[in-house]
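# Per-entry structural report
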Amino acid sequence: MAVYECNDTMRNFLRDLPKCEHHLHLEGTLEPDLLYPLAQRNNVKLPEQFPKTVAELEERYSRFKDLQDFLDFYYIGCEVLLKEEDFFDLAWAYFTRAHSQGLKHAEVFFDPQSHTARGVSIETVVGGFQRACVKARLELQISSKLIMCLLRHTPVEECMATLESSRVLFETKQLHALGLDSAEKPFPPEIFTECYEKASEFHPDIKLTAHAGEEGDASYVTNSLDLLRVTRIDHGVNSVQDPELMERLAREKVMLTVCPLSNVKLQVVKDVREIPLNKLLDAGVPFSLNSDDPAYFGGYILDNYVAVHSRFNWSLEIWQKVVLQSIEGSWCDDKRKNELS
Ligand code: ES4
Ligand code: ZN
């Protein structure tokens with residue numbers, strides 16, 4: 001892979017910016033050097049053909065063919081997570097690492113169905129994650145929100161059952177938002193209309209987002225807005241194919257959560273320079289920069305900022321604007337937004 005670096009002065013500037021992350025899968029923070037110990041601790045047998053060492057696994061992670069090729073590894077990784085403390089350890093490792101890169105606020109995804117399908121309760125998953133979120137607020141001054149994602153490759157009936165099992169967690173504000181992830185192209189947004197309708201009845205200020213326009217075309221973004229009534233789009237880079245949609249995103253202030261290193265690793269683009277960030281800036285479409293699945297894609301939030309700088313060489317003013325946009329698009333209250341800016 002190409003090298004994405006910048007000088008120390010710039011790296012320190014980018015590190016010290018008050019960064020918010022809105023597109024981060026907690027299960028995607030499972031580093032190879034935690035995966036094997038957790039498999040051992042929980043007596044989980046990995047598949048026969050799965051790489052046997054950290055080095056072999058890292059090598060395999062360096063050449064994903066596409067989204068599905070990555071997801072096949074990601075779901076095997078999930079299998080080592082069983083106990084509440086596993087989920088806590090995973091999230092806490094992420095928060096400490098991202099803290100050293102200048103993260104201040106994180107809105108993070110998790111996939112309950114990857115765990116409930118193995119007999120792990122949603123309360124165990126959320127219990128561990130929530131405990132890490134509380135500790136991150138107290139000890140690292142990182143605020144956070146949990147976004148529950150539905151897996152689009154699973155049947156709608158299963159998604160509806162997952163929603164029902166999460167109702168109390170939403171009502172008690174342990175969960176803040178609903179998202180939609182996994183294989184995009186074969187499972188367009190319209191399949192999940194009733195799921196989003198149901199979630200919006202949980203309480204009046206539940207937030208809605210969905211992965212769209214990563215491998216799918218611009219119509220996946222439009223349909224997510226029209227049918228799922230989301231107010232944010234995860235990835236969304238293919239929106240630039242549709243000028244009318246671009247105008248709408250700008251007008252309605254729909255933030256795209258762009259993931260530069262992920263886009264390269266999953267071969268959405270060949271190089272970070274191809275991501276249409278300047279087009280988004282020119283069109284007034286808000287976006288944030290995020291790490292997606294940092295343990296799989298080789299970089300946490302600052303690494304993504306550095307990669308963008310290495311290709312776009314933005315002025316300090318543009319960086320300030322990008323950071324302010326990212327704070328503004330966050331789902332925290334105005335008091336927290338003021339502290340961040
Ligand atoms: C994901 Cl990059 C990406 N896209 C869709 N679903 C996902 N789950 C975890 N990472
Ligand atoms: Zn994602």
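Residues numbered from 1 in each chain as written. Chains lettered and ligands numbered in written order. Predicted model: local features only at pLDDT ≥ 70, side-chain atom pairs only at ≥ 80, totals over all residues.

### Side note on the UniProt feature "binding site: substrate" (unreviewed entry) in the protein chain
Within this structure's numbering, the places UniProt gives as "binding site: substrate" (unreviewed entry) are Asp293. Turning to its location among the elements, aspartate 293 is positioned in the loop between strand 8 (287-289) and helix 14 (294-297). Residue contacts for aspartate 293: discarding those within four places in its chain leaves His25, Gly28, Tyr74 and Ser262. (UniProt positions renumbered as here; feature names shortened; annotations may be inferred. Helix = DSSP H or I, 4+ residues; strand = E, 2+ residues; numbered from the N terminus. Contact = placed C-beta atoms within 7 Å.)

### A look at helix 8 (residues 156-171)
Across its 16 residues, helix 8 extends 22 Å between first and last C-alpha, which sits within 8% of the 22 Å expected from 1.5 Å per residue. Along helix 8, the sharpest change in direction is near 40 degrees and occurs at serine 165. Of all the residues in helix 8, the buried ones are Cys159, Thr162, Leu163, Ser166 and Leu169. Buried residues along helix 8 sit against helix 6 (113-116), helix 7 (122-140), strand 3 (143-151) and helix 9 (193-200). Of the residues trailing helix 8, lysine 173 is marked for its positive phi of about 60 degrees. (Expected span 1.5 Å × (residues − 1). Bend = angle between axes of the 7 residues up to and from the residue. Buried ≥ 20, exposed ≤ 12 C-beta atoms within 10 Å, placed from the backbone.)

### Things to note about the UniProt feature "site: Important for catalytic activity" (unreviewed entry) in the protein chain
Following the UniProt record, one finds the feature "site: Important for catalytic activity" (unreviewed entry) at His235. Within the secondary structure, histidine 235 sits in strand 6 (residues 232-235). Ignoring sequence-local partners within four residues, the contact set of histidine 235 consists of His211, Ala212, Gly213, Glu214, Thr257, Val258 and Cys259.

### With respect to the sheet that holds strand 7 (residues 255-258)
Taken together, eight strands build an open sheet; the order of strands is 1-2-3-4-5-6-7-8 and the sheet is parallel. Every interior strand has two partners, whereas the edge strands, strand 1 (19-21) and strand 8, have only one. In this sheet, adjacent strand axes meet at a mean angle of 20 degrees when their direction is disregarded. Here strand 5 (residues 207-212) runs beside strand 6; their pairing, made up of four bridges, is parallel. Along strand 6, the bridge assignment pairs threonine 209 with arginine 232. (Pairing = 2+ DSSP bridges. Axes fitted to C-alpha atoms, helices over the stretch in contact; angles between N-to-C directions.)

### Considering the environment of isoleucine 318
Looking at the secondary structure, you find isoleucine 318 in helix 16 (residues 316-328). Considered as a pair, isoleucine 318 and leucine 281 are 37 residues apart in the sequence and their alpha carbons are 9.1 Å apart.

### Examining the site of ligand 1
Looking at ligand 1, the residues that line it are His25, Gly28, Leu67, Tyr74, Asp181, Ser182, His211, Ser262, Asp292 and Asp293. Its residues assigned to classes, the shell around ligand 1 shows two nonpolar, five polar and three charged. (Near = placed C-beta within 6 Å. Nonpolar A, V, L, I, M, F, W, Y, C, P; charged D, E, K, R; others polar.)

### Regarding unusual backbone geometry
Leaving glycine out, the prevailing phi sign among residues is negative, and the prevailing peptide bond configuration is trans. The backbone of serine 182 shows a phi angle near 80 degrees, a positive value even though the residue is not glycine. With respect to the helices and strands, the residue serine 182 is situated in the loop between strand 4 (177-181) and helix 9. Overall, serine 182 belongs to the buried group, with 21 C-beta atoms counted inside 10 Å.

### Considerations on helix 15 (residues 301-312)
Under the 1.5 Å per step criterion, the end-to-end length of helix 15 is 17 Å for twelve residues, consistent within 8% with the ideal 16 Å. Every buried residue of helix 15 is listed here: Ile301, Leu302, Asp303, Asn304, Tyr305, Val306, Ala307, Val308 and His309. Backbone geometry just downstream of helix 15 places asparagine 313 in the positive-phi region, at approximately 45 degrees.

### Things to note about the environment of threonine 162
Here threonine 162 lies in helix 8. Among the residues examined, threonine 162 registers 21 C-beta atoms within 10 Å and is labelled buried. Residues threonine 162 and glutamine 49, 113 residues apart in the sequence, show an inter-C-alpha distance of 31 Å. When near neighbours in sequence (up to four residues on either side) are disregarded, threonine 162 contacts Pro112, Gln113, Thr116 and Leu150.

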